[in-house]
Amino acid sequence: MRDCVIRSVGWHAPEESISNAELVKVFNTWAEGWNAENADAIARGEAEPKPLSSEDFIVSASGIRNRHVIDKPGLMDLNRMRPRLPHRPKEEMSVQAEFALLSARKALAKANRTAADVDGVIVASSAQQRNFPAVATEIQSALGINGFSFDMTMACASAIYGMQLARDMIRSGSADAILICCPEIMSAINHYRRREVHFIFGDASAAVLLERGDREAGGWEVLGTRLENAYSNALRSDFGFLNHTEFEEGDNFEPFVDQDGHRVFRDVIPMASGVGSALIADLGLKPADVRRAWLHQANIRIVQMVAKRVLEREPDADAAPIILDEYGNTSSSSVLMTFDLNSNDMKPGERGLMCAFGAGYGCGAAVIQKR
């Protein structure tokens, strides 16, 4: 089996951002208007009033203070409260492929690699813009890469799932280098009129290039990976190709993100920490042998509690860096962004744990070592 290394990571977040104060102002204006319009039904007990949000509530619930988005005006439009992304004819590049290229090209440039150096492209994200042709194949074509390409999804854990697939192919000899793209336009799937989720997500695109280790010195060797799933409806989105067959015009159907936050919190912490701890043990290592945990930026309390359990010590900023205060939850791209922003100070021989978890439930972990 050949060594597999992370050669580079590239990522992109849109310039436009929305602060908690801006988000709360729009949400509360809408909620107050809805409550006024439905005052009689509320008084009769036929409807529940919409609760108001606040900056303190958001920070307390998540640790998020800001998020970057692909279309701020659409989200700030009280009558819309969702992105406005005009339809593109099929002759033009899709929005998601275009978004992915912003990070993919950065990853290739950082590694000093060209299309000729890459054998395949995997799009690993929470959702793809269409069912077929694969968004990965569109990206592959735009970059001029010869070889294979396919889409896959395991929600916020998608990047690690893609990494295990790529690592297995590289170690077995069926590929020398694979580019994994995680373009997450989560503002399009979020529900901005639900208090419990309206603040969670941001948009970002990340890409990671994995290749065989004997091509060049440096990089991060992927020592091992571990994946685990447990079915749950606690975090769900019903967007899908059967939607138009299930519901009629006027039906009250909302296929956006829906979650039971308390249940997710209760379920995910032991699952994610268990997967990370088991991987460390499988590799014959101890928590003290792992300097840092780059975790999916879902929620600050989840990050801190998973890190504490896996590393078996208090997670300070060095042990468990946080970026969700600025970027929010960017789904599968977040673990790659956190790694790229918080790894340059590590020395050869030092190890870290990448761990991502999300809807499904799905959880993936990778232990990596700087060469």
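For clarity, every value in this text was computed on a predicted model and none was experimentally measured.

Analysis parameters
- Residues numbered from 1 in each chain as written.
- Predicted model: local features only at pLDDT ≥ 70, side-chain atom pairs only at ≥ 80, totals over all residues.
- Heavy atoms only, no water.
- Helix = DSSP H or I, 4+ residues; strand = E, 2+ residues; numbered from the N terminus.
- Expected span 1.5 Å × (residues − 1).
- Bend = angle between axes of the 7 residues up to and from the residue.
- Buried < 20%, exposed > 50% of the residue type's maximum accessible area, 1.4 Å probe, protein only.
- Contact = heavy atoms within 4.5 Å.
- Pairing = 2+ DSSP bridges.
- Axes fitted to C-alpha atoms, helices over the stretch in contact; angles between N-to-C directions.
- Phe/Tyr/Trp six-rings, centres within 6.5 Å; stacked < 30°, edge-to-face > 60°.
- Salt bridge = Lys/Arg side-chain N within 4 Å of Asp/Glu carboxyl O.
- Parallel < 35°, antiparallel > 145°, perpendicular 65-115°, else oblique.
- Left-handed = near helix turned anticlockwise from the far one by under 90°.
- Nonpolar A, V, L, I, M, F, W, Y, C, P; charged D, E, K, R; others polar.

(A) Just helix H5 (residues 95-111), in detail. Helix length check: H5, at 17 residues, gives a terminal C-alpha distance of 25 Å against a target of 24 Å (1.5 Å per residue), a fit within 8%. Within H5, the axis deviates most sharply at Leu101, by approximately 30°. Within the span of H5, buried status applies to Val95, Gln96, Ala97, Phe99, Ala100, Leu101, Ser103, Ala104, Ala107, Leu108 and Ala111. Contacts made by the buried residues of H5 are with strand E1 (4-12), helix H6 (135-143), strand E6 (177-185) and strand E7 (203-212). Trailing H5 by a residue or two, Asn112 shows a phi angle of about 55°, which is positive.

(B) Representation of the sheet that holds strand E5 (residues 148-152) within the structure. Here nine strands make up an open sheet; going across it, the order is E5-E4-E6-E7-E1-E8-E13-E12-E11 and the pairing mixed. The open sheet terminates on both sides in strands that have one partner only, identified here as E5 and strand E11 (292-295). The sheet shows a mean angle of 25° between the axes of neighbouring strands, direction not considered. Alignment of E11 against strand E12 (residues 351-358), held across four bridges, turns out to be parallel. Of the residues in E12, the one forming a bridge with Ala293 is Leu353. Docked against the sheet, helix H9 (residues 261-282) engages strand E8 (220-229), E12 and strand E13 (362-370), running at close to 35° with respect to E13.

(C) Quick peek at the packing of aromatic side chains. Enumeration over the complete set of coordinates arrives at nine aromatic pairs. Both rings, one in Phe27 and one in Trp30, keep their centres 6.0 Å apart while their planes meet at 50°; by these two values the pair is tilted. With a gap of three residues between them, Phe27 and Trp30 both fall in helix H1 (residues 20-37), about one helical turn apart. Since its relative accessible area comes to 2%, Phe27 is described here as buried. Between Phe148 and Phe150, the aromatic rings sit 6.2 Å apart at their centres with planes inclined by 20°, giving stacked as the arrangement. In this structure Phe148 comes out as partly exposed when scored by relative accessible area, which is 24%.

(D) Region of the structure containing the pattern of salt bridges. In this structure the tally under the stated criterion is 25 salt bridges. Of the charged contacts, one joins Arg2 and Asp176 as a salt bridge, the two residues approaching to 2.9 Å between their closest N and O atoms. Of this pair, Arg2 sits in the segment before E1 while Asp176 sits in the loop between helix H7 (158-172) and E6, placing them 174 residues apart in sequence. Taking the shortest distance from any N to any O, the salt bridge between Arg7 and Glu211 comes out at 2.6 Å.

(E) Spatial organisation of the side chain of Gln164. Along the chain, Gln164 falls in helix H7. Apart from the residues within four sequence positions on either side, Gln164 is in contact with Thr225, Arg226 and Leu227.

(F) Expanded view of the packing of H5 against H6. Following both chains from N to C, one finds H5 and H6 inclined at 50°, their axes separated by 10 Å at the closest point. Comparing the axis directions of H5 and H6 gives the class oblique. Crossing of H5 against H6: the hand is right-handed. When H5 is examined against H6, the residues Gln96, Ala97, Ala100, Leu101, Ala104, Arg105 and Leu108 are found in contact with a partner set consisting of Val135, Glu138, Ile139, Ala142 and Leu143. A per-class count over the contact of H5 with H6 returns nine nonpolar, one polar and two charged.

(G) A look at unusual backbone geometry. Here the bond from Phe132 into Pro133 is cis, since omega is 0°, no more than 30 degrees from zero. Tracing the backbone through its elements, the reader meets Pro133 in the loop between strand E4 (120-124) and H6. Note that the residue after Gly360, namely Tyr361, is joined by a cis bond; omega there is -15°. Positioned with a positive phi, Met81 is a non-glycine residue whose angle comes to about 55°. For Met81, the position within the fold is in the loop between helix H4 (72-76) and H5. Residue classification places Met81 among the buried positions, given a relative accessible area of 5%. Although it is not a glycine, Glu312 sits at a positive phi angle of roughly 55°.

Honestly, that's just the spatial picture; any functional story needs more than this.
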